[in-house]
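Understanding the architecture of this molecule
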Amino acid sequence: MLDKALTSVSKLESAYLAWKALPLASRKQTITRIQERLLTHTEEYASAITTDMNKPLAQSIAEVKKCASLCSYYLNHIDKFLRPQPLQSSWSESYVRLDPLGVLLAVMPWNFPFWQVFRVAIPNLLLGNVLAVKHASNVPTVAALLDEIFQDETLGFPIYKNLPLASHHVEAIIAHPAIKGVTLTGSEPAGRSVAQCAGKYLKKSVLELGGSAAFIVCEDADLNRAVATAVNARMQNAGQSCIAGKRILVQQSIAKAFIEAFTEKVKALKQGDKYDLSTEIGAMAREDLAIEIEEMVEQSLSEGATLLCGGKRTGAFYEPTVLTDVTPTMRVFKEETFGPVAVITTFRDFEEAIALSNQSDFGLGVAIFSQNVDFVKSQASRFDEGAVYINEMLISDPHLPFGGIKNSGYGRELSYFGVWEFANIKTVVVK
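Here we take up the overall build of the protein. Helix and strand content of the protein: 15 helices and 20 strands. Taken along the three principal axes of its C-alpha coordinates, the protein extends 65 × 55 × 40 Å. Element-wise, carbon and sulfur atoms account for 52% of the exposed surface of the protein, whose accessible area totals about 17,800 Å². Positive and negative charge centroids in the protein, built from 42 and 47 side chains respectively, lie 7 Å apart.

Let us look at the nonpolar core. Formed by 142 residues in total, the largest nonpolar core has its most connected members in L105, F114, F118, F150, I216, F258 and F262. Top element by residues in this core is helix 4 (residues 57–82). It accounts for 13 residues. Here F262 is in contact with V227, A230, V231, I248, V322, A342 and I344, once residues within four sequence places are set aside.

Here we come to the packing of helix 3 (residues 42–53) against helix 6 (residues 140–149). Viewed as axis vectors pointing N to C, helix 3 and helix 6 meet at an angle of 150°, and their least axial separation amounts to 8 Å. One element, helix 3, and the other, helix 6, form an angle in the roughly antiparallel class. Here helix 3 contributes E44, Y45, A48, I49 and D52 to the contact with helix 6, which in turn contributes P140, T141, V142, L145 and I149. Looking at the contact of helix 3 with helix 6 residue by residue, the classes come out as 7 nonpolar, 1 polar and 2 charged.

We now examine the packing of aromatic side chains. Summed over all chains, the structure comprises 14 aromatic pairs. With centroids separated by 5.8 Å and ring planes inclined at 85°, the aromatic side chains of W110 and F338 adopt a geometry described as edge-to-face. Remark: F338 occurs in the loop between helix 12 (331–334) and strand 14 (341–347) and W110 occurs in the loop between strand 3 (103–107) and helix 5 (115–127); sequence separation between them is 228 residues. A relative accessible area of 12% means that W110 is categorised as buried. Note on F338: relative accessible area 22%, which makes it partly exposed. On the numbers, 4.5 Å between centres and 20° between planes, the contact of Y416 with F417 is stacked. Connected via pairs of aromatic rings, a cluster forms that spans Y45, F114, F118, F150 and Y160. In this structure, K66 is placed above the aromatic ring of W115, and the distance from its NZ or CZ to the ring centre is 4.4 Å.

With that settled, the discussion passes to the pairing of strand 9 (residues 245–251). Here strand 9 lies mainly inside the structure; 7 of its 7 residues are buried. As judged from the 5 bridges shared by strand 8 (residues 213–217) and strand 9, these two strands associate in the parallel manner. Looking at strand 9, one finds that A214 is bridged to R247. Crossover handedness for the path strand 8 to helix 9 (residues 223–235) to strand 9: right-handed. As defined by bridge partners, strand 9 adjoins strand 14 across 5 bridges and the pair is classed as parallel. Opposite I248, over in strand 14, you have I344 as the bridge partner.

Examined against the element boundaries, E264 turns out to sit in helix 10 (residues 255–267). A relative accessible area of 48% places E264 in the partly exposed class. E264 sits 44 residues away from L308 along the chain, and the two C-alpha atoms are 9.9 Å apart.

Next up on the list: the environment of A68. Mapped onto the fold, A68 is located in helix 4. Sequence spacing of A68 and Q35 is 33 residues, and the spatial spacing of their C-alpha atoms is 5.3 Å. With sequence-adjacent residues up to four places away left out, A68 is seen in contact with Q35, L38 and L39.

Bringing the environment of T141 into the picture now. Considering the arrangement of structural elements, one finds T141 in helix 6. The spacing of T141 and S212 is 71 residues in sequence and 29 Å in space, taken between C-alpha atoms. Non-local contacts of T141, meaning those with residues more than four positions away in its chain, are made with A48 and D52.

Calculation rules
- Residues numbered from 1 in each chain as written.
- Predicted model: local features only at pLDDT ≥ 70, side-chain atom pairs only at ≥ 80, totals over all residues.
- Heavy atoms only, no water.
- Helix = DSSP H or I, 4+ residues; strand = E, 2+ residues; numbered from the N terminus.
- Areas by Shrake-Rupley, 256 points an atom, 1.4 Å probe, with all protein chains shown as cover.
- Lys, Arg positive; Asp, Glu negative; His and termini not counted.
- Charge placed at Lys NZ, Arg CZ, Asp CG, Glu CD.
- Core = buried A, V, L, I, M, F, W, Y, C linked by side-chain atoms within 4.5 Å.
- Buried < 20%, exposed > 50% of the residue type's maximum accessible area, 1.4 Å probe, protein only.
- Contact = heavy atoms within 4.5 Å.
- Axes fitted to C-alpha atoms, helices over the stretch in contact; angles between N-to-C directions.
- Parallel < 35°, antiparallel > 145°, perpendicular 65-115°, else oblique.
- Nonpolar A, V, L, I, M, F, W, Y, C, P; charged D, E, K, R; others polar.
- Phe/Tyr/Trp six-rings, centres within 6.5 Å; stacked < 30°, edge-to-face > 60°.
- Lys NZ or Arg CZ within 6 Å of the ring centre and 35° of its normal.
- Pairing = 2+ DSSP bridges.
- Right-handed = clockwise from strand over helix to strand, strands pointing away.

Function cannot be inferred from these measures alone, as they are strictly geometric.
Below is the structure:
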């Protein structure tokens, strides 16, 4: 299997030379055809996501549609992003242009198996790079489908190759001379391993790793809006999202009202058949993931946390759970809870909220709910995060750069930053 993958990478190296030589208009035509497949086969692709990793079908459909929307964004903006940028200097002319690097390796996760691939692939393909993709082993149907989606018979060469490999073969792929950069979305240990390999072979890398985002609710917040958003931020995709609101921090004066309303909405989430469009919460992607969440919750309960609802597991399904009286010393506060478990901690004032939010090894983002927007904006620099969202949950949007600091990784995806990361930023000077 490794030999076959290495051969695929070599073929991509040859294809890259042909792909980058095409005019941008031709590359845009290929991406347009890919987008049309997404829109034509939305339910088929969504069903594959649901089958592979148990995401409720309605959420899988939304994921596929979001990928089509991302295509539109880059098709509409790529000409501007790739336009040479003049710079003032002592020479008669000087400017910066963006050129592609070559073949990129993308190591992709299972939780958003279409979206994560598309947000890497589309800007880089339009730039002129090509992709070898090592997808998560538990989404084989999706991985094979994506390989089909990115094939364009009018080209006569591949621009995307699926590499169905075990994780221990990733270093051999990174070492291949054709690979010019590697991007990974996944766990912190996986990120460290890939970064080490990439550094060893002097390959550019981008890492989008875990998160333990704080969801801060101040006493002047619109309570109904904050509650509804918090439920979605924590429970969407059964809580299996790096940017989920994993630590809910609520000001003491409104804690009772918030907790009561939040818990009722969590209890009301509709469970059931994952292929039923009305189902809101489904099983986790694998049983071992649910077992890990179960152990974290049980340990925190033994340390003094209070269980308000949920807390039971049946196979890979873990009930939507709410824990209060959570302290910063507990595992569910310190570690990333990658499942449908909401942990609630109270704070006295905004100073304490900042301190609690920053009391994390992760730094992907923070959501803050308050009607005093000007004040919160003035405090944004004090949060050790890659993003600050005010009166909104953290989301990954094509218009905005996405990425974290600290143990959440480095580099950025999306917006024009998603084009620059794997570009040769080339200076041109004319005397």
